[in-house]
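Structural description and commentary
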Amino acid sequence: MKSEYHVAVAGATGAVGNEMLQILEEQEFPVASLKLLASSRSAGKTLDFRGESLHVEELRDDSFEGVDIALFSAGAAASRQFAPAAAESGCVVIDNSSGWRMDPEVPLVVPEVNPHAVADYRRKGIIANPNCSTIQMVVVLKPIYDAAGIERVVVSTYQAVSGTGKNAMEELTEQTRNLLTFQEVTPEVYPHRIAFNCFPHIGSFLENGYTDEEMKMVHETHKIMEDPNIRVSATTVRIPVFYGHSEAVNIQTERKLSAKEARVLLFQAPGVRVMDNPDERIYPMPSEAAGINDTLVGRIREDISIENGLDLWIVADNIRKGAALNTVQIAELLIKEHL
């Protein structure tokens, strides 16, 4: 085990890339050197890290010589193109895109759920970071699964615009301003107006009537939980919130688990913060999740319509725990147990 590591961040100028830099600094990750990479349009920009101003370089096949760990958040196309070259150079890639998640030779990891899977990075030199909505859900599902088994999950998500990127956040801001000043609104990033609105459409529609975002939650849950028999149905909704995805999750367990028992389990679960006191109007909200590491859970109650049913409300910062933090946590596992 080294005392320090040479690290690269691909997609460093994006929202997730920026958050990765902040978390590397906050977590005091043992960085010997840091290389910032992005597209040719962003090459030449500077970003701050630990009080130093670092230049952004163009992401290329030969960018990873001498790099130990590369954190990728440059999109699926860039990951598919450049991750194999990075791995070939001896670097371990932790990829935040959808490019490698369902590759059977690439582990899909949430450290609180399946940390042992990190060891499988040796197959291709790549570890995949799951979809942000999947991450926050399985962190909460794991202790319940271990205690009582899970037969079925029905989830409806309420996802912030930051999941789409900077242009979407700017569109929400502009549309809100225009509507409040009685000006015309023209959607560009989204198919419909997002300000003061919501729509059940994230991703592309598939032949089965679901979107690819919804099916990601199905397939990724199976892979992370290592149980393809869990029945999962998802509906993903975009809402006019900047940061923080929310989820209404209905779970049917194999064995009876009371709300009180579930609450105790979740109080003890790593990475989970229980906020569940309805009498005092305490429950998770996106405004409280923004900027924090924990996944918040509340409205824990027994489903009155089915046997062995539980209802939960789960909220997390989609850019932080849903992307950047989970990636850095994987890197921490990697250096602690495998490098």
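Everything here concerns the structure above.
Residues numbered from 1 in each chain as written. Predicted model: local features only at pLDDT ≥ 70, side-chain atom pairs only at ≥ 80, totals over all residues. Heavy atoms only, no water.

Some points on the overall build of the chain
Looking only at helices and strands, one finds 8 helices and 13 strands in the chain. The C-alpha atoms of the chain give a radius of gyration of 20 Å, which matches the 20 Å a tight globule of 339 residues would have. In terms of principal-axis extent, the alpha carbons of the chain reach across some 60 × 55 × 40 Å. Taking the intrachain contacts of the chain between residues at least 6 apart in sequence as the baseline, contacts between residues at least 24 apart amount to 66%. Taken as a whole, the chain presents about 15,200 Å² of accessible surface, with 48% of it coming from carbon and sulfur. Across the chain, the mean location of the 31 positive side-chain charges is 2 Å away from that of the 48 negative side-chain charges. (Helix = DSSP H or I, 4+ residues; strand = E, 2+ residues; numbered from the N terminus. Rg over C-alpha atoms; globule rule 2.2 N^0.38 Å. Contact = heavy atoms within 4.5 Å. Areas by Shrake-Rupley, 256 points an atom, 1.4 Å probe, with all protein chains shown as cover. Lys, Arg positive; Asp, Glu negative; His and termini not counted. Charge placed at Lys NZ, Arg CZ, Asp CG, Glu CD.)

Description of the pairing of strand E5 (residues 69–72)
Here E5 shows two buried faces, one formed by Ile69 and Leu71 and the other by Ala70 and Phe72. Sheet topology note: the strand E1 (residues 5–10)/E5 ladder contains 4 bridges and is parallel. Bridge pairing in E5 links Val9 to Leu71. In this sheet, strand E6 (residues 92–95) lies alongside E5 in parallel orientation, the contact comprising 4 bridges. Bridging from a neighbouring strand, Phe72 pairs with Asp95 of E6. For the handedness criterion, the β-α-β arrangement of E5, helix H2 (residues 76–88) and E6 is classed as right-handed. (Buried < 20%, exposed > 50% of the residue type's maximum accessible area, 1.4 Å probe, protein only. Pairing = 2+ DSSP bridges. Right-handed = clockwise from strand over helix to strand, strands pointing away.)

Things to note about the packing of aromatic side chains
On inspection of all chains with the given rule, the structure shows 3 aromatic pairs. Ring plane angle 20° and centroid distance 5.6 Å describe the contact between Phe64 and Phe72, whose orientation is recorded as stacked. Look at Phe64 and you get buried, because its relative accessible area is 1%. Judged by relative accessible area, which is 0%, Phe72 ranks as buried. (Phe/Tyr/Trp six-rings, centres within 6.5 Å; stacked < 30°, edge-to-face > 60°.)

Thoughts on the environment of Glu288
In this structure, Glu288 sits in helix H7 (residues 286–289). For Glu288, a relative accessible area of 33% translates into the label partly exposed. As for Glu288 and Ile224, which are separated by 64 residues in sequence, their C-alpha atoms are 27 Å apart. Leave out the neighbours within four places in its chain, and Glu288 touches Met275, Tyr283 and Leu296.

Description of the nonpolar core
Counting 54 residues, the largest nonpolar core has Phe64, Phe72, Val153, Val297, Ile300 and Leu312 as the members making the most contacts within it. In terms of residue count, the dominant contributor to this core is helix H3 (residues 132–148) (8 residues). Look past the residues within four positions of Val297 in its chain and what remains in contact with it is Val140, Leu266, Val272, Arg273, Val274, Met275, Pro284, Leu312, Trp313 and Ile314. Ranked by size, the runner-up nonpolar core spans 37 residues in total, among them Val7, Ile94, Ala323 and Ile330. (Core = buried A, V, L, I, M, F, W, Y, C linked by side-chain atoms within 4.5 Å.)

Section: the sheet that holds strand E7 (residues 126–128)
Spatially, the 7 strands line up as an open sheet ordered E3-E4-E2-E1-E5-E6-E7, and their pairing is mixed. Here the strands that pair on one side only, and so sit at the sheet edges, are strand E3 (46–49) and E7. Here the average twist between neighbouring strands, direction ignored, is 25°. In this structure, E1 lies alongside strand E2 (residues 31–38), joined through 6 bridges in parallel fashion. Residue pairing for E2: Ala10 is matched across the bridge by Leu37. Where H2 meets the sheet, its contacts fall on E5, E6 and E7, and the angle it forms with E5 comes to roughly 175°. Here helix H8 (residues 320–337) sits on the sheet in contact with E1, E5, E6 and E7, set at roughly 165° to E5. (Axes fitted to C-alpha atoms, helices over the stretch in contact; angles between N-to-C directions.)

Concerning the environment of Glu28
One can find Glu28 in the loop between helix H1 (15–26) and E2. The spacing of Glu28 and Val315 is 287 residues in sequence and 26 Å in space, taken between C-alpha atoms.

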